[in-house]
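Residue-level listing of the chains:
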Amino acid sequence: MPCKKWILKWLCGVFMVLLCSQAIAQAKSGGISGVVKNDAGAPLANATLQLLPFEWFTTSNAEGYYQFVGVAAGRYTLQVSMVGHLTTSKEVLVQSVLINLDVSLPVRIAGLKDVLVLAKPLRIGSASRIDKTAIAHTQPTSLLDALQLIPGQLALNPDLSGPQQINLRQIPSTTDAGRVNALGTQIVLDGVPQSNNANLQTNLTILNSGASTLPPFASVAGRGNDLRQIPADNIESIDVIRGIPSARFGDLTSGLILVNSRLGALRPQVTMRLNANLAQAALLYGFSGKSKQHTINLAADVLQSRDDIRDIQNRYSRVQGQVSWQAFWGANKKFVTTTIASGYTTLDRLRQDPGDLRTQTRRSSEDRSLRLSTEGRWKAGKPWLHQLHYLVSLNTVYQNSYFQEIVTRDLFPLSTALRDTTQVGVFGRSEYLAQTTVNGKPRNGYARLEYAIIKKTGSFTHNVLLGAEWRMDVNRGNGRLFNPLEPPRQNYSVGDRPRRFSDIPAMHQLGYYLEDRLNGQIGNMRVQAQAGVRIDNVAPRNMFASRYKTIVAPRINASAEVAKGLWLRAGFGTAAKAMPLSFLYPGQRFFDLVNFNYFAINPAERLVVVTTRVIDLDNQALNPYTSKKWEWGFDVERANWNINASVFRETTTGAPGTNRLVRPFAYSRLRTLSTPPGQPPVLDPVPQRVDTFFAAYDAPSANRRVVNQGVEYNIDLPEITAIRTKVNINGAYIQTESFDDGVWFDADRAYFGNTVPTRIGIYQSGSRVKASRFNTSVRVVHRIPKLNIIFSALWQTVWISTNRSVPLDSLPAGFIDRTGQITLLNAIEAKQPIYSNLVRQVNQGTTNSFPPLHLFNIRFTKDWKQGFGCSFYANNFLGMRPLHADDIVGGRVRRNEALFFGAELTIRL
């Protein structure tokens, strides 16, 4: 507690010094003013202007006029943007006088020289920006399709057959590592973090399957957001921060994806997209009132998809809509509010095949969401308050998952007991249709208040942010529902009971941050930095005391122009992600142990006695998992070309996973005293014997560790003006090493043997995998301005792709006996002959090393000035899908994406 009080005092002290200190030199200030025009010279109202690297903003009035006043002397970048126009950036040197700078914003149309269809590197935080033209050129069906432009990502075919996840700076190694990275990637839509913490759409895993097996229906519980639910047509820009994010952002470990919707007046636009597996239509419209003080945007999206066009039973559908209202208040438009209402409904289902009378398999997952958010920015322009920013959001989701199948088994005893007890049970049917519904109602609340001041110290300008935020995640669903006498398929004495999600308490989080964004010079060297600290309080007891753990996360990014156009940069930071409710409250595990079993022909003479034992796994003490990031890099920036490279190392510890554990239970075996006719047997109250049952169950853990390191790069070569062609090369070399630092119980010994063992071995836990990949993506972009055409070609090569499982120790680390006592063994003790039966057979390590793999894609975009446009793409148009040996699978696998093509038509009314 004294440490936390000290942190609070330090934060307040630093802020008060910056706010009140008279030692801060007040340099002479100047300003910038001008008119924003279109390419025909007409003024543009409601264009957004920002002074970077700070977040000073203003908007143009009805005459296109804008003005920044009270700007401290220094070098800035003036960025001007407006929906439907190209974003323009200009370097500005502000001195003690008002500078006049008019800006021209051409209409965004294919073929123009400044139209980018690639991701643009950003200097701070190893980030990339994907603007509207680049998004549209990928012809995306969801957010995931646009992210293939990021260095290190591979181009994939559009695939909506299953949930879509994104891994940043990580390559496939283990299943848990991929889920941890996706869970730790924060998606922020229009300033609102998209939380998946309250998603509980899970199922009880049958012991024949692995501990981390997914449910039989589509679900991302315990993982990252499903990117299928985010259509891309209404997105204006995407910022992907793979390095150290601002202290403003929390509840993340892997990276940050900032998605900004289109806000502003635009002509009605209809986009129709078609490929072999899906049909999609999107509608966009934005209009302003006569005063230009208010803008309303409407967006709608409808999509139908099938994994295989020949399979009419398996399909995915999505309907999404959004209404945005942006208002400028006051004569100087110093107060801007944005209110957004959006919703979607998605359905992923497999209908029962009319010919499937044997299994009657059917599954579905339906999600319906409604999100409301409002934010405001008040540009006060005072010495003690530059800007005040607030944001409030509420998201509610209705989730309904269903699956059914015919269960065939022997006549088996059933119990409906919900606590430890012994009672008379019933005999279940040998064949029945098991039907399970999982009903969830996640609620997510979010609020943030941020205070910003601008100060000048010497040659440096400081933009100081002080903020606080609140998050809430809860699930009010009816839970997992089924007929207890016709339960889902289970085995090895595992019982199953319905469960309500609404009994789980809400999880709250508090966050506080202080950050200084500074810009200035040391001699002739320009310097930019972003330094801050963030405090995350998960499940708070008070302002700083947490039920789990309070995380203090320092973060810093710095860059310096050591020579003209040559920037060196470095960063360090930590971050934390709260455990989702599916890991904190996984529910109870039931075991139904048969004391007596007599099945007579006469139902009146039947008797089964069952002892139920319950393991309560709710209220897990799992702290937030954390990541630590280091990175170094350089940027070479020239008028027509640039090079960007980053070397990074990221270590994630205490990440969630699921381990299979064992617990012994003693239970009595009963015998009959007599069997009166027409009545159940009379049992002897004295047990015939006492047996031991080793119960195996899956429990959440916080012992996964993932280490990612490597280098990523981006090279923009000068345009070949004679043929109007530009070449971009990006890619990454990434090594991923994933561990399971926990222990592993040999549960198979418990229920696969003919006799009950006297002890169960405990070993070094399940897996350790090292993977590496080196890829390059060469994109050639050709423009034909007179015809408004852009043609691009991708040559993607995976030069190195290896995956190696590290051998595990065959010796036991300990054992658990029939009394439940755990005995640990050192390396010498484990080799003693008395423990020879506990030595396990282990894989001595398998290495996959694949040869280089090439992929060739082409894309074409054409715009007409009348408002029409069309696009076409062909992925892997050469059909290169080689067969390569896979030692882990034990056969040959076909690599590369299948030949795939699609088309798009856009109509602007």
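Residues numbered from 1 in each chain as written. Predicted model: local features only at pLDDT ≥ 70, side-chain atom pairs only at ≥ 80, totals over all residues. Heavy atoms only, no water.

Caption draft 1: Up close: the overall build of the chain. Within the chain, the regular secondary structure consists of seven helices and 53 strands. With respect to the three principal axes, the spread of C-alpha positions in the chain is 105 × 65 × 55 Å. Classification of the 909 residues of the chain by burial places 54% in the buried group. Carbon together with sulfur atoms contributes 58% to the accessible area of the chain, which is approximately 38400 Å² in total. A gap of 5 Å separates the mean positions of the 101 positive and 67 negative side-chain charges of the chain. (Helix = DSSP H or I, 4+ residues; strand = E, 2+ residues; numbered from the N terminus. Buried < 20%, exposed > 50% of the residue type's maximum accessible area, 1.4 Å probe, protein only. Areas by Shrake-Rupley, 256 points an atom, 1.4 Å probe, with all protein chains shown as cover. Lys, Arg positive; Asp, Glu negative; His and termini not counted. Charge placed at Lys NZ, Arg CZ, Asp CG, Glu CD.)

Caption draft 2: Representation of the sheet that holds strand S9 (residues 120-122) within the structure. With mixed pairing, six strands are arranged side by side in an open sheet as S9-S10-S13-S14-S11-S12. Edge positions in the sheet fall to S9 and strand S12 (192-193), since each of these pairs with one other strand and no more. Relative to strand S14 (residues 255-261), strand S11 (residues 185-189) runs parallel, the two sharing five bridges. Pairing of Leu189 across the sheet is with Val259, part of S14. (Pairing = 2+ DSSP bridges.)

Caption draft 3: Seen up close, helix H4 (residues 175-183). By the criterion of burial, H4 is predominantly enclosed, with eight of the nine residues buried. Every buried residue of H4 is accounted for by Asp176, Ala177, Gly178, Arg179, Val180, Asn181, Ala182 and Leu183. Residues of H4 that are buried make contact with S11, strand S33 (566-577), strand S36 (625-637), strand S37 (642-669), strand S40 (689-716) and strand S41 (725-740). (Contact = heavy atoms within 4.5 Å.)

Caption draft 4: Just the packing of aromatic side chains, in detail. A complete count under the given rule lists 15 aromatic pairs for this structure. Summarising the aromatic geometry, the rings of Tyr66 and Phe68 are spaced 6.3 Å apart at their centres and angled 70° between planes, so their arrangement reads as edge-to-face. With respect to burial, Tyr66 and Phe68 carry one shared label: buried. One aromatic cluster is present, formed by Phe591, Phe665 and Phe693 through successive ring pairs. (Phe/Tyr/Trp six-rings, centres within 6.5 Å; stacked < 30°, edge-to-face > 60°.)

Caption draft 5: Looking closely at the sheet that holds strand S42 (residues 743-745). Pairing within the open sheet is antiparallel, and its four strands lie in the order S42-S43-S46-S47. Of all strands in the sheet, those bounded by a partner on one side alone are S42 and strand S47 (822-824). Taken pair by pair, the neighbouring strands of this sheet meet at an average axis angle of 25°, ignoring direction. (Axes fitted to C-alpha atoms, helices over the stretch in contact; angles between N-to-C directions.)

Caption draft 6: Region of interest: the pairing of S33. Both strand S32 (residues 550-563) and S33 contribute to a ladder of eight bridges, which runs antiparallel. Its bridge partner lying in S33, Ser559 is registered against Arg569. Taking the residues between adjacent antiparallel strands as the criterion, S32 and S33 are bridged by two residues, where Gly565 takes a positive phi near 80°. Bridging between S33 and S36 involves twelve bridges; their strand directions are antiparallel. Within the sheet, the bridge partner assigned to Phe572 lies in S36 and is Trp630.

Caption draft 7: Highlighting the pattern of salt bridges. If you walk through the whole model with that rule in mind, you get 40 salt bridges. A salt bridge links Arg368 to Glu366; its shortest N-O distance comes to 2.9 Å. Overall, Glu366 belongs to the partly exposed group, its relative accessible area being 25%. For the salt bridge of Arg569 with Asp635, the shortest nitrogen-to-oxygen distance reads 2.8 Å. Of this pair, Arg569 sits in strand S33 while Asp635 sits in strand S36, placing them 66 residues apart in sequence. Relative accessible area serves as the criterion here: at 10%, Arg569 is assigned to the buried category. (Salt bridge = Lys/Arg side-chain N within 4 Å of Asp/Glu carboxyl O.)

Caption draft 8: Representation of a nonpolar patch on the surface within the structure. There is a patch of nonpolar side chains on the surface, built from Tyr285, Phe287, Leu298 and Val323 and spanning about 310 Å² of accessible area. Looking at the secondary structure, you find Val323 in strand S18 (residues 314-329). Of the residues examined, Val323 reaches a relative accessible area of 41% and is grouped as partly exposed. (Patch = residues over 30% accessible without salt bridge, like charges linked within 9 Å, V, L, I, M, F, W, Y side chains within 5 Å.)

Caption draft 9: Representation of unusual backbone geometry. You will see that Arg724, though not glycine, has its phi angle at about 50°, which is positive. Looking at where Arg724 falls in the secondary structure, it is placed in the loop between S40 and S41. What makes Arg724 partly exposed here is its relative accessible area of 30%. In the Ramachandran plot, Asn788 falls in the positive-phi region, its phi being about 55° despite a non-glycine side chain. Among the structural elements, Asn788 can be located in the loop between strand S44 (768-784) and strand S45 (789-805). By relative accessible area, which is 8% here, Asn788 ends up buried.

Caption draft 10: The arrangement of the environment of Gly289 in detail. Tracing the chain through its elements places Gly289 in the loop between strand S16 (278-288) and strand S17 (294-305). Residue classification places Gly289 among the partly exposed residues on the basis of a relative accessible area of 33%. Sequence separation between Gly289 and Ser161 is 128 residues; the distance between their C-alpha atoms is 42 Å.

Caption draft 11: Geometry of the confidence of the model for the chain. Taken residue by residue, the chain gives an average pLDDT of 89. The fraction at 70 or more is 96%. At the level of individual helices and strands, the chain shows its lowest average pLDDT in helix H1 (residues 2-20), which scores 48, and its highest in S11, which scores 97. Across residues 17-27 the pLDDT falls below 50, and counting only partners more than four positions away or on other chains, this stretch makes 18 contacts in the model. (pLDDT = per-residue confidence, 0-100.)

Caption draft 12: Quick peek at the side chain of Arg480. One can find Arg480 in strand S28 (residues 479-481). Of the residues examined, Arg480 reaches a relative accessible area of 8% and is grouped as buried. Polar side-chain contacts of Arg480 include one of 2.8 Å to the side chain of Asp496. Beyond its immediate stretch of four places on either side in the chain, Arg480 contacts Thr202, Asn203, Leu204, Thr436, Thr437, Val438, Pro488, Asp496, Arg497, Pro498, Arg499 and Phe501. (Polar contact = N/O pair within 3.5 Å; in protein donor to acceptor, adjacent residues only side chain to side chain.)

Caption draft 13: Structural detail: the pairing of strand S52 (residues 891-894). The sheet contact formed by strand S51 (residues 883-886) and S52 spans four bridges and is antiparallel. Note that in S52 the partner of Ala885 across the bridge is Arg892. Linking S51 to S52, which pair antiparallel, is a turn of four residues; within it Gly890 sits at a positive phi near 85°.

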